[in-house]
Every structure is written in C-alpha cells, then in structure tokens.
Amino acid sequence: MRIAIIGGGAAGFMAAITAQSSDSNSEVILFEKSNKVLNKVKISGGGRCNVTNACFSISELAKNYPRGGGFLKKAFNHFYTKDTVEWFEQRGVELKKEDDNRMFPISNNSQTIIDCLKSECDKHKVSIKYQNPVKNIKPLENGYMINNDVLVDKIIIASGGSPKIEALQWLLDIGLEIEKPVPSLFTFNMPNEDIIDLMGVVAPNVSVHIQGDKLKHIGPLLITHWGMSGPAILKCSAWGARILAGKNYKFNVQVNWSNLNELDYKEIIKENKKSYRIIANKNPFNLPNRLWLYLIKKIDVDSKISWNKLDKKSGNKLLNVLFNDSYQVNSKTTFKEEFVTCGGISLHQINPNTMESKIHKGLYFCGEILDIDGVTGGFNFQSAWTTGYLAGKNSVI
Ligand SMILES: Cc1cc2nc3c(=O)[nH]c(=O)nc-3n(C[C@H](O)[C@H](O)[C@H](O)COP(=O)(O)OP(=O)(O)OC[C@H]3O[C@@H](n4cnc5c(N)ncnc54)[C@H](O)[C@@H]3O)c2cc1C
C-alpha cells in the first residue's frame, strides 16, 4: 500500500505516523510544499504550543467548536484529549495543565513537540518530500495520480486552512464541496476610539455583544494598541466569523464592563452614593483603575468629587457606560494571534469515524482543511490530532 499525505503540519504528521506505525509494510510519503514542516506548531501558543485542553468530557469538548462540533463528537469517541496526553507521554513528552485548562509541554517550548513528531516520523521511516506542492490529484479506478506523475493507492489531505477559495481549486476540480472560507479568531480594530490609549489593560469579566445581532460572549477583555482582544473578543470572532465577514468587519460592539445585569449596577451605584469617598479612589466594579478613570472621564464626570455628590443624571450616565458602552470596529487583525479558517471541506461529504470522503473511496481529510474550527485553548490542535489519527489509522485498513 502506498499512501500519500499532503501537508506537513500537525494533522499531516499525526496521520503519517499513525498510518506507518499501524502497518509497517505500507509506504507513507508526505508531500510538503515548502522547505519546512510544522511551521504553525513552532509559532503556536506564543512559541510554547498549546497542544490540547484539559477538557476530558467529549460533550463539553465538542462545545468549543463553532463549526464541526457535532462531527467531532463522533470522532472524539476514537481519539480525544485524554488520548493526546497519553500519546505524547508515551513518546516522552509530558504535558502540563495551566489554570485555564490549556495544556503545554512542560518544557514550555514548541520545539519539544516538533522534535517528538519528527523523531516518530524518522523511527517509522516516513518519507518526507520537501518543496513538493501538490497541484492536482486524479482519481483512478484503483488509486490516485498526483501531479500527473506519482501513483498512490490512497491519499490523506492535510493541507491546512486557506482563507482563499482559489487555493482550493484542485479540490473543487474533483467534485468536492467546500464551505466558503473566511477568517476566524481575529481581534477588533478600532483606530478611532481613544480607549486604545489604555493598551495592556485587562478587564477580567466582560460581556461583549455585537450590536444588531445575537452574538454575545463573556470573558476577559484585553485592550491593545489597535483595539480589543482577549478571550471575550476572540470568542465573538469565532462564533460570529461568517456574520462579521458579512458586515465587512464594520460594526459596533457593546461592552458590559463587569458582566452584571442592569439592576445589580443600579444597586451598587445606589449603595455607593452614600459614600463620602472620592469617585476616583473608590471603584466598586472590580475594574482596573486606569479603565475606571477612563470611563468616568468618558461620561464627563469629575472623578475628584465624592460619591455622595454624584447627581442623578451622572449616575445614569455611569450606569450606561458600565452596562452598555459602545465602540466602533472598522476592521480586524490577526497579527501575532492564533488565527484559523472557518470553512473548508464540507463535513457532510466525510465519514466522521474514518475521515474518508464519501465521494472518493481511499481519499481522506484531516486538520484545518476540513470545515472545523475551534476557539482558542488548544482545541484547534486537538482537532488536528483527532482527525489526523483517524485518517492515518483508517487509510491502512
Ligand atoms: C500564530 C498561530 C498560533 C496558533 N496557536 C495555536 C495553539 O497554541 N493551539 C492550537 O490548538 N491551535 C493553534 N493555532 C491553530 C493551529 O496552528 C492550526 O489549527 C493547526 O496548525 C492546523 O494544522 P494542519 O496540519 O491542519 O494545517 P497546517 O499547520 O496549516 O499545515 C498544513 C501544511 O500543508 C502544507 N501545504 C498546503 N498546501 C499544500 C499542497 N498543495 N501541497 C503540499 N503541501 C501543502 C503547508 O505548507 C503546511 O505545512 C495557531 C495558529 C496560528 C496561525
């Protein structure tokens, strides 16, 4: 059996290692278009590689995928987070869990993961062909022809996400359906908002709502020199990837700075109005002080007055800015952040238990090329490990 893997990323490596180690008589050849493999693993997680997430319930795990959660739920029954931890451990790489459940190698270095994957490939004699872009595949009666040149029995496509549909023409050419790709996991640009002067400030528990839509997400919010980022924003961008693309990334976000309901804000403001303390020095909403002072200034209240001098109108303005603050977004950015593609090969054409195409026998898919994407936290790599493992294992059966 001759199996071609197209793409040397996390999914392609997992597929190659699993196929070759499941059947040592097979010949596994990995085609990589560039002169480097595992590029994204290298830069992932800020150079530390967030390998997976310590979420060990399949139904909870599946909830972290805006696209593909239902499909993955079936695939996770064969290989999920627990298997990933064991897989690396059995190969000498221990993973550690951080407070927010993200899992990293204890070395805190993505190179550990790269070394492990490369040495497994060497051990099982996977042949890697660098600078070998696959431009076309042709289904034959018994196998496939690659680039009008190489004959193989089966193919595993692990060529990663692509925000441009044109890059996937070679797959459209063989009748595969592709969900239109758009970016996911991006941050919001708001160059016209002076809140960006607070770059580096983190509000710990914010609720973010996209105006005119149902999209609403909760979590920490980071103010950056270009706009807003952090888990609450990234979740909005992932779950709203298509909606926000439809708005051409021009929309308003409403921010509830302490994620409280209106009545709770009113209650806290009322209680504090009894206080003789200066507003600037008494911030009852668990907000970073720089942000608190910014919000007070934004509503034109003198921060040097005491709480008991806050008149009704100013009290209402305070309630409004805390509960329903609004900012104008006019583009997105993926600079230095984890970003992925929403869209890709339609899942209804793929068997979730084997990753085999329902259209072409012997053709398998894994990783970000599929219409699967997760939120941040190690979920995207987990999808690559799971689908790569299944494609590799089933390709040699
Ligand atoms: C900056 C950044 C940080 C990230 N950090 C994390 C993280 O910490 N945790 C997490 O879970 N996810 C993270 N992600 C997402 C994660 O990296 C991807 O989801 C994952 O790498 C997808 O793996 P893949 O193997 O499917 O695709 P890729 O890693 O993109 O690999 C695809 C490979 O295929 C090759 N290729 C493409 N087309 C062809 C072709 N026609 N012929 C031959 N070769 C081809 C490419 O050159 C590439 O090497 C991050 C993403 C980015 C951009």
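Sequence positions are assigned chain by chain, starting from 1 and proceeding in written order. Given that this is a predicted model, residues contribute local features only at a pLDDT of at least 70 and side-chain atom pairs are listed and counted only at 80 or more, while totals for whole chains, interfaces and linings are drawn from all residues. As a convention, hydrogens and water are excluded, and side-chain values are obtained from all of the structure's heavy atoms.

Notes on helix α10 (residues 262-272)
One turn of an α-helix holds 3.6 residues; hence residues three or four places apart share an orientation.
Now for step 1: Throughout, exposure labels follow a simple rule: accessible area from a 1.4 Å probe, protein chains only, divided by the maximum for the residue type, with under 20% read as buried, over 50% as exposed, and the rest as partly exposed. Strands here mean DSSP runs of E at least two residues long; helices mean DSSP runs of H or I at least four residues long; both are numbered from the N terminus. Three or more residues of α10 are buried, namely Tyr 265, Ile 269 and Asn 272. All buried residues of α10 fall inside an arc of 65 degrees around its axis, so they share one side. The exposed residues of α10 that point more than 90 degrees off its buried face are Leu 263 and Lys 270.
Now for step 2: Contacts are assigned to residue pairs with any non-hydrogen atoms lying within 4.5 Å of each other. Contacts made by the buried residues of α10 are with β16 (251-256) and α12 (312-323). Here the arc refers to the set of directions running from the helix axis out to each C-beta atom.

So, the layout of surface pockets
Now for step 1: Estimates place the volume of the second largest pocket at around 190 Å³.
Now for step 2: Every residue along the wall of the second largest pocket is listed here: Met 1, Pro 139, Leu 140, Glu 141, Asn 142, Gly 143, Tyr 144, Asp 153, Lys 154, His 360, Lys 361 and Gly 362. The method works on a 1 Å grid over the protein atoms by themselves. A cavity is a set of points holding a 1.4 Å probe that cannot get out, a pocket is an open set with protein on both sides within 12 Å along at least five of seven lines, and residues with an atom within 4 Å of a point line them. Grid points are joined across faces, edges and corners, and a volume is the space filled by probe spheres set on the points.

Focus on the site of the ligand
Now for step 1: Taken together, the neighbourhood of the ligand is formed by 31 residues, with Ala 11, Glu 32, Val 134, Glu 368 and Phe 381 sitting nearest.
Now for step 2: Expressed as a share of its isolated accessible area of 1000 Å², the protein-covered part of the ligand is 91%.
Now for step 3: For the shell around the ligand, the elements supplying multiple residues, two or more each, are α1 (10-22), α2 (39-47) and α13 (379-395).
Now for step 4: At four residues, α2 tops the list of elements feeding residues into the shell around the ligand.
Now for step 5: Class assignment for the residues of the shell around the ligand results in 13 nonpolar, twelve polar and six charged. Here a residue is near a molecule or strand as soon as one of its heavy atoms is found within 4 Å of it. Surface accessibility in these figures is a Shrake-Rupley result with a 1.4 Å probe; residues are shielded only by whichever protein chains are displayed. For this scheme, ten residues count as nonpolar: Ala, Val, Leu, Ile, Met, Phe, Trp, Tyr, Cys and Pro. Four count as charged, namely Asp, Glu, Lys and Arg, and the remainder, Gly too, count as polar.

Here we look at the domain arrangement of the protein
Now for step 1: The source of the domain bounds is an automatic or database domain assignment. By the assigned domains, the protein splits into domain 1 (2-183 + 340-395) and domain 2 (186-337).
Now for step 2: Computed from C-alpha coordinates alone, the two centres of domain 1 and domain 2 are separated by 38 Å.
Now for step 3: Contacts between domain 1 and domain 2 engage twelve residues on the former and ten residues on the latter.
Now for step 4: A 1.4 Å probe defines the accessible area here, and the buried area is the portion of it lost by two parts on being joined, summed over both. Roughly 830 Å² of surface becomes buried between domain 1 and domain 2 when both sides are summed, with 63% attributable to carbon and sulfur atoms.
Now for step 5: By definition, a salt bridge exists where a carboxyl oxygen of Asp or Glu is found within 4 Å of a side-chain nitrogen of Lys or Arg. Run the count over domain 1 and domain 2 and you get zero salt bridges.
Now for step 6: The definition of a polar contact used here is a pair of N or O atoms within 3.5 Å, where within protein one atom must be able to donate a hydrogen and the other to accept one, and adjacent residues in sequence count solely through side-chain atom pairs. Scanning the region where domain 1 abuts domain 2 turns up two residue pairs in polar contact (both at pLDDT 80 or more).
Now for step 7: Secondary-structure elements contributing two or more residues to the side of domain 1 that touches domain 2 are β11 (178-184) and β19 (340-345).

Digging into empty space enclosed by the protein
Now for step 1: The tally for this structure, following the rule as stated, stands at one cavity of 30 Å³ or more.
Now for step 2: As a volume, the largest cavity reaches approximately 30 Å³.
Now for step 3: Around the largest cavity, the lining residues are Gly 160, Gly 161, Ser 162, Leu 168, Thr 341, Gly 343, Gly 344, Glu 368 and Ile 369.
Now for step 4: Its residues assigned to classes, the lining of the largest cavity shows two nonpolar, six polar and one charged.

A closer look at the packing of α2 against helix α6 (residues 110-123)
Now for step 1: Fitted lines through C-alpha atoms serve as axes, helices being fitted only where they are in contact, and the angles separating the N-to-C directions of these axes extend from 0 to 180 degrees. Here α2 crosses α6 at 155 degrees, and the two axes come no closer than 8 Å. The pairing of α2 with α6 is recorded here as roughly antiparallel in orientation. Remark: the crossing between α2 and α6 carries right-handed chirality. Within the contact between the two elements, α2 uses Val 41, Lys 42 and Gly 47 and α6 uses Ser 110, Gln 111, Ile 113 and Ile 114.
Now for step 2: Here the contact of α2 with α6 is composed, by residue class, of three nonpolar, three polar and one charged. The labels follow the angle: roughly parallel below 35 degrees, roughly antiparallel above 145, roughly perpendicular from 65 to 115, and oblique for the rest. With the far helix as reference, a near helix turned anticlockwise by less than a right angle produces a left-handed crossing, and one turned clockwise produces a right-handed crossing.

Some remarks on the pattern of salt bridges
Now for step 1: Overall, the coordinates contain 13 salt bridges when judged by the stated rule.
Now for step 2: Between Glu 98 and Arg 48 there is a salt bridge; the shortest N-O distance is 2.9 Å. In this pair, Glu 98 sits in the loop between β4 (95-97) and β5 (102-105) while Arg 48 sits in the loop between α2 and β3 (52-53), placing the two residues 50 residues apart along the sequence.
Now for step 3: For Glu 120, the salt bridge goes to Arg 91, with nearest N and O atoms at 3.2 Å. Here Glu 120 is found in helix α6, whereas its partner Arg 91 is found in the loop between α5 (81-90) and β4, with 29 residues between them in sequence.
Now for step 4: Looking at Glu 120, the relative accessible area reads 6%, which means it is buried.

Considering the sheet that holds β5
Now for step 1: Ordered in space as β3-β5-β4, the three strands form an open sheet in which the pairing is antiparallel. Lying at the two open borders of the sheet, with one neighbouring strand each, are β3 and β4.
Now for step 2: Pairing between strands is defined by DSSP: at least two bridges between them are needed. Sheet analysis places β4 next to β5, joined by three bridges and oriented antiparallel. In the strand pairing of β5, Lys 97 is matched with Met 103.

Details of the sheet that holds strand β1 (residues 2-6)
Now for step 1: The parallel open sheet is built from five strands, whose spatial order is β6-β2-β1-β10-β20. Single-partner strands in this sheet number two, and they are β6 (127-129) and β20 (363-365). This sheet shows a mean twist of 20 degrees between the axes of neighbouring strands, independent of strand direction.
Now for step 2: Packed onto the sheet, α1 meets β1, β2 (27-31), β6 and β10 (154-157) and runs at close to 170 degrees relative to β2.

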